[in-house]
Amino acid sequence: MPPLPRLERYAGHARLIVDGEPFLCIGGELHNSSSSDRQYMAPLWEKIAQSKANTVIATIAWDQVEPTEGVFDFSAIDGLIEDAGSAGLKLVIIWFGAFKNASSTYAPSWVRGDTSRFPRADRGSQTMETPFSYKGSMPRPTLSVFSKNLYEADKAAYCCFMAHLAETDTRHTVIMVQVENEVGLLGAVRDRSAAALTAWESPVPEVLRKALANSEHSFDPELAAVLHPITTSDASWVEHFGDGNPSADEAFMACAFATYVGGLAAAGKEILELPAFANAWIGPQPGQDLPGNYPSGGPTAKILPVWQAVAPALDFLAPDIYVPNSAEIMAQYALPENALFIPEAKFRAGDAFLAVGRFGGFGYHVFGLEDGREGNQYSRACLAITSLTQEIVDAQRDGRIFGFALEQDEDDVATDFGGITVSIRNAAKLYRAMLLDAGVVLPPPPELPGETEGSAHGHTAGDNRPFGIVIETAPLEFLVVGQGALFDFHQTDSELEVDSVRELRLTSEGWHEGRLLNGDERLQVLQSDQISAARIRLLAVAQH
């Protein structure tokens, strides 16, 4: 039997070990309902395998697993494990329990229909704009995270699921578990149900008080300033903050959701010690400026230290990224105490390189993986990255890697490798400028083919940014992988010249040595229209 998947940490760097070897999870998440029907998925597994993804994130829903209280049906997870394993894929399973995208539509009918045993969240008189709503829409159930009965019922089902995995998934096709999905409260900053008010009138949890007292520097300064009074006494939330303090309200909700989700994770690990995590609907973001516009209490960047203090059983907290400022979001989660893993994102090949190259990430997943067009750009990125797993994870550990994705307003970016500065330039912009000086005007580049055939959050165009990674493989030797970039190397104490450039060819089996490039073909070693790679060796010429 292979060993259990696990996370290994080295002084701020984390790597995932699967079947005893480092593993980069590069793939995608299925649509929410796809995994509920094995026949629906049957024709899709071969397509997904051919896309060169190595990991699929799929859901298991509480209402399907336990339609009648105490009666369990795990046929859906059994089918997923068998079919993914046959396709040579690993699985990350999302437990759609009481909370999914800040609502409770995946809780079983016997839970949602019994409001006396399982009370709903109470938003009070406050009404806020929330996404995915419209005038006249039917209500979406939102159970109260403060309900002890709900927690015990959800935990019992989750533990039965984990016990079933421990018994049946002996080859560890499932390598991680996401506990719930994008939790938090929409429409109000704080739950005002009876159980929530009891918690509001209770002392602030000691674990949060100690975390703030001992590590205030790890908290967002604005949040730390608001919460600082909790370090001075064990008074209740209401005694410290009263009403009308959104930051305190959000921290209160974060304590509740982190206690709930972290409790499930801890109970599951007592049965099967797989890595477990929670994901975030990020906020604030454009159009969602306040907690309640986005799920209040979820593991957003500002509130991460609260979750880390209250839910230590969670191995990391992960952002779902659908906003354009992806590098900024990655930086917020790529912390020494939090490994970067992206469970949901747009089809944007360059962001996968950014995640593993600049931010030390070990996972990147597009949403609606089954919608991918055959031979799309992201598929090539999957193969390009996973074929270099050992080189990438070792370079992450040693600080010998840099990822880039130049936005429209960026002409270049630079990084330093032990005294050698690497300048990475937008090759197309540079060529246009050089040719314009010579009186030649190039037509605009053709638009890249679309990435998807279906509805993965709308049709997605290919990524036309210059993007990729640079890895220092030896003194004066570099591996570059990506698209549309030009490289210059400089050193203060000597003049550097390109000594040799060896092209690499990407096949279904990975990278292989190709042509030895020279002359004009050294100007752009990464092709402009597809992901490519090369090994560059430099010659240091001493200055006299």
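The structure under discussion appears in the preceding block.
Residues numbered from 1 in each chain as written. Predicted model: local features only at pLDDT ≥ 70, side-chain atom pairs only at ≥ 80, totals over all residues. Heavy atoms only, no water.

Peer 1: An account of the environment of alanine 196 is needed here, citing residue identities and associated values.
Peer 2: Relative to the elements of secondary structure, alanine 196 occurs in helix α7 (residues 194-200). In the structure, alanine 196 is positioned 85 residues away from valine 111 in sequence and 19 Å away in space, judged by C-alpha atoms. The contact partners of alanine 196, leaving out residues within four places of it in the chain, are Phe146, Asp191 and Phe252. (Helix = DSSP H or I, 4+ residues; strand = E, 2+ residues; numbered from the N terminus. Contact = heavy atoms within 4.5 Å.)

Peer 1: How would you summarise unusual backbone geometry if you had to cite specific residues and measurements?
Peer 2: Note that the residue after glycine 283, namely proline 284, is joined by a cis bond; omega there is -5 degrees. In this fold, proline 284 is placed in the loop between β8 (276-281) and α12 (304-310). For alanine 102, which is not glycine, the phi torsion reads 65 degrees and is therefore positive. Among the structural elements, alanine 102 can be located in the loop between β6 (90-100) and α5 (109-112). Even without being a glycine, glutamate 180 presents a positive backbone phi close to 65 degrees. Structurally, glutamate 180 is set in strand β7 (residues 174-181). By relative accessible area, which is 0% here, glutamate 180 ends up buried. (Buried < 20%, exposed > 50% of the residue type's maximum accessible area, 1.4 Å probe, protein only.)

Peer 1: An account of the packing of helix α4 (residues 75-86) against helix α6 (residues 148-168) is requested, with residue identities and associated values reported.
Peer 2: Interaxial distance between α4 and α6 falls to 11 Å at its minimum, and their mutual angle equals 40 degrees. By the angle between their axes, α4 is oblique relative to α6. Judged by the twist between their axes, the crossing of α4 over α6 is right-handed. Every residue of α6 that contacts α4 at Ile77, Asp78 and Ile81 is listed here: Phe161, His164, Leu165 and Thr168. (Axes fitted to C-alpha atoms, helices over the stretch in contact; angles between N-to-C directions. Parallel < 35°, antiparallel > 145°, perpendicular 65-115°, else oblique. Left-handed = near helix turned anticlockwise from the far one by under 90°.)

Peer 1: How would you explain the sheet that holds strand β2 (residues 13-18) if you had to name every residue and give the values?
Peer 2: The strand order β1-β2-β3 describes an open sheet built from 3 strands, whose pairing is antiparallel. The sheet is open, and its two edges are formed by β1 (6-10) and β3 (21-23), each paired on a single side. Averaged over all adjacent pairs, the angle separating strand axes in this sheet is 50 degrees, with direction ignored. Two strands pair when backbone bridges link them, and β1 and β2 are joined in this way by 5 bridges, in the antiparallel orientation. The residue of β2 that forms the bridge with glutamate 8 is arginine 15. (Pairing = 2+ DSSP bridges.)

Peer 1: Describe in detail the packing of helix α13 (residues 326-333) against helix α14 (residues 349-357), supporting the description with residues and values.
Peer 2: The contact between α13 and α14 brings their axes to 11 Å, and the two run at 30 degrees. When the interaxial angle is binned, α13 and α14 end up roughly parallel. Our pair here, α13 against α14, has a crossing hand that is right-handed. Contacts between α13 and α14 involve Ser326, Ala327 and Met330 on the former and, on the latter, Asp351, Leu354 and Ala355. Looking at the contact of α13 with α14 residue by residue, the classes come out as 4 nonpolar, 1 polar and 1 charged. (Nonpolar A, V, L, I, M, F, W, Y, C, P; charged D, E, K, R; others polar.)

Peer 1: Any chance you could break down the side chain of histidine 13 for me, citing the residues and the numbers?
Peer 2: Within the secondary structure layout, histidine 13 lies in strand β2. If sequence neighbours within four positions are ignored, histidine 13 has contacts with Glu8, Val393, Gln396 and Arg397.

Peer 1: So what's going on with the pattern of salt bridges? Which residues, and what values?
Peer 2: On inspection of all chains with the given rule, the structure shows 28 salt bridges. A salt bridge links glutamate 206 to lysine 210, with the nearest nitrogen and oxygen atoms 3.4 Å apart. With glutamate 206 and lysine 210 both in helix α8 (residues 206-214) and 4 residues apart, this pair spans about one turn of that helix. Taking the relative accessible area as the measure of exposure, glutamate 206 reaches 48% and is therefore partly exposed. Note on lysine 210: relative accessible area 48%, which makes it partly exposed. Linked by salt bridges that have partners in common, Arg15, Asp394, Arg397, Asp398 and Arg400 make up one network. (Salt bridge = Lys/Arg side-chain N within 4 Å of Asp/Glu carboxyl O.)

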